[in-house]
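One letter stands for each residue in the lines below.
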Amino acid sequence: MNTRSAEADLVVVSNRLPVDRASEGEEWRRSPGGLVAALEPVLQTTGGAWVGWPGQPDLEVERFTFDGIDLVPVALSAEDVERFYEGFSNDTIWPLYHDVISPPTYHREWWDAYVRVNQRFAEAAANVAADGARVWVHDYQLQLVPRMLRELRPDLVIGYFHHIPFPAYGIYSQLPWRNQVLDGLLGADVIGFQRVADASNFTRAVRRRFGFDTKAGTVRVADPGGAVRTVIAKAYPISIDAAAYDEIARRPEVQERAREIRAELGDPDTVLFGVDRLDYTKGITHRLKAYGELLAEHRVDVEKVTLVQVASPSRERVVAYMQLRDEIELTVGRINGDFDTVGHSAIRYLHHSYPREEMVALYLAADVMLVTALRDGMNLVAKEYVASRVDGRGALVLSEFTGAADELGQAICVNPHDIEGLKDAIMTAIEMPADEQRKRMRALRRRVREHDVDRWSRGFLHDLGSVRS
Ligand code: GDG
C-alpha cells in the first residue's frame, strides 16, 4: 500500500474536482453546482478531502487547499479522456443507462481504460483517507471504485451515489461487463439512487446475476473472501440549494433583469423557456416539434408567444452530440424560417452557458418552463425554476420520465413521446389562470424548500454513519 499522507475523515470522490480554471496558470474558481455547495460545509468542518480530475488532459497538479478543502487531483491523459470519459462513460454507460435513447457503443479498449482509471481514483482515495474514514464516491464514471477501494482499505466506510437512472434489467443485461460493474458497486456499504425505481432495477439485476437476497432496500452480499455484508441500496432523491435560488430571485437587480429580458423579447404575452445541456436525453427535439405544430395549427401566435431555448454546450467531441446539435439547429432554423415575422421570432435559440444570476432572471421571465426529458435521473432545472418563482407565478410542464416527477406532483405531467399530449400540456400551461398557478406553485415551492440539497446530503451521510455503529 502507498504511504499515506495527511489523512481525511471524509473523502469525496467524483470525476471532476469542484474547481475550474480557464487555463493553466490562471486562478482556480469554485465550479457552480449544488453538490459543491452541499458538501463544502461538511468537508470544511470534518477536515475533508475531495479527489477528482482537474478538467484538462495531461495536467499534473499537486494536491492543494481551496476554501478550506483539501483537493487531491487525479491526472487523466488525452487517451484516458478519450477512452474512459468520452468513450466508456459518455458513449457506453450514459446511453445504456438512459434506456438506449441513443445506441451505446461497446469497445473493449474503452472498458480497459475505465478499469485503469477507476483504479487510479481508488488509489488516490485510499491514500488520503484516515483509518475508518467515510468515503463518498459519485456517479457512473466511477462505478468500480467502491470494490477497488474496499480491497485496498477494508477499514473504510464506503458510500456511492448514482446521479443518473439505473435501467431495467432487460436493458442493463446488454452490458458486456454487467457482472464486473455490479460487483464494483457492491463494494460500497450504502448505494444511493435518485428514484425508488432505480434502486429496484439495481437490486433486481443483483438478484439475477448473483442470486443475492435483497429486501427492504438492502442486499446481503457475499464478498470474495466468504464474508457476508448487508449493503443499503435505496433512493435518496437529490435536490438544490433552494434558499440560494430564492435569495438570488429576490434581488432587485435580478428582477429588473427579468423585466428587461421580456422587453428585449418584444414583451410577448407568454414566454416559454427551456434550458438543458445539449443532450439527447433532454427531449429538446420533441419540445421543438410540439411547439412547431402549435404554430402551424395557429394554436399559438408568433406575435404573442416566444420560446427561449438555452442549450448549453456539452460533450462536443462525442459523435452523437454533434449529430444532435445539427438536428436541433436545423429544426430551429426551419421553425423560425416558417413562422418568424420581421419583428418577432418563434424561437430564441442560445447555444451558450450563462451565469447563475442570468439563469434565475430567465426563470423569473418565463411564464412556462418546459422540461421534456425522455429520461433523466432527477432534473435539477425543474427544481431551480420552482425555487426561483418567489412571485408564486409560472407553470411547470414536466416529463414523467424525470426523477423530479416523483416529487413534483403539482407540475403539469407529460409523456414527451406523445406529441399531441405534449401540445395539450403546453396549451394548458399557457392558459392556466393566475390563481391556479399560485396554488400549484405554493405546493411545489414547499416541497423544494423542505427537501433541499442539504437535507439530501445529511440523509445520505447519516445512513453512512450508521454502518458498523
Ligand atoms: C445529472 C443528471 C441529475 C445548465 N445550463 C446552464 C446551467 N445549467 C445547470 C442547471 C442545472 C444543471 O446545469 C443541470 O442539471 P440537471 O439535473 O438538469 O441535468 P444534468 O446536467 O444532466 O445532471 C440529472 C443531476 O446530475 C444531479 O444529480 O439531476 O438527472 O443527468 O443546475 O442550472 N447553469 C448555468 N448556466 C447555464 O447555461 N449557470
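From a predicted model like this one, the values you see are computed outputs, not experimental measurements.

Let us look at the pattern of salt bridges. What the rule picks out here adds up to 45 salt bridges. Close ionic contact of Asp80 with Arg120 constitutes a salt bridge, the shortest N to O distance being 2.9 Å. On the criterion of sequence distance, the pair formed by Asp80 in helix H2 (residues 78–97) and Arg120 in helix H3 (residues 108–128) is long-range, its members being 40 residues apart. Of the charged contacts in the structure, one is a salt bridge between Asp301 and Lys304, with a shortest N-O distance of 4.0 Å. On the accessibility criterion, Asp301 (34% relative accessible area) is partly exposed. Take Lys304: its relative accessible area is 42%, and that puts it in the partly exposed class. Overlapping salt bridges, with partners in common, bring together Lys289, Glu293, Glu297, Arg299, Glu420, Lys423 and Asp424 in one network.

Next up on the list: the domain arrangement of the protein. Under the domain assignment used here, the protein contains domain 1 (8–238 + 454–465) and domain 2 (242–451). Here domain 1 and domain 2 have C-alpha centroids that lie 31 Å from each other. With 19 residues of domain 1 in contact, the opposing surface of domain 2 contributes 22 residues. Carbon and sulfur atoms make up 56% of the area that domain 1 and domain 2 hide from each other, which totals about 1,800 Å². Together, Trp94, Ile101 and Arg195 form the three largest contributors to the area buried by domain 1 at its contact with domain 2, with a combined 30%. Seen at the junction of domain 1 and domain 2, the total is 2 salt bridges.

Our next topic: the packing of helix H8 (residues 242–250) against helix H9 (residues 252–264). Interhelical geometry of H8 versus H9 gives an angle of 70° and a closest axis separation of 5 Å. By the angle class used here, H8 and H9 are roughly perpendicular. From H8, Ile248, Ala249 and Arg250 reach across to H9, where they touch Pro252, Val254 and Gln255.

Thresholds, definitions, all that
- Residues numbered from 1 in each chain as written.
- Predicted model: local features only at pLDDT ≥ 70, side-chain atom pairs only at ≥ 80, totals over all residues.
- Heavy atoms only, no water.
- Salt bridge = Lys/Arg side-chain N within 4 Å of Asp/Glu carboxyl O.
- Helix = DSSP H or I, 4+ residues; strand = E, 2+ residues; numbered from the N terminus.
- Buried < 20%, exposed > 50% of the residue type's maximum accessible area, 1.4 Å probe, protein only.
- Domains from an automatic or database assignment.
- Contact = heavy atoms within 4.5 Å.
- Buried area = accessible area lost by both parts, 1.4 Å probe.
- Axes fitted to C-alpha atoms, helices over the stretch in contact; angles between N-to-C directions.
- Parallel < 35°, antiparallel > 145°, perpendicular 65-115°, else oblique.

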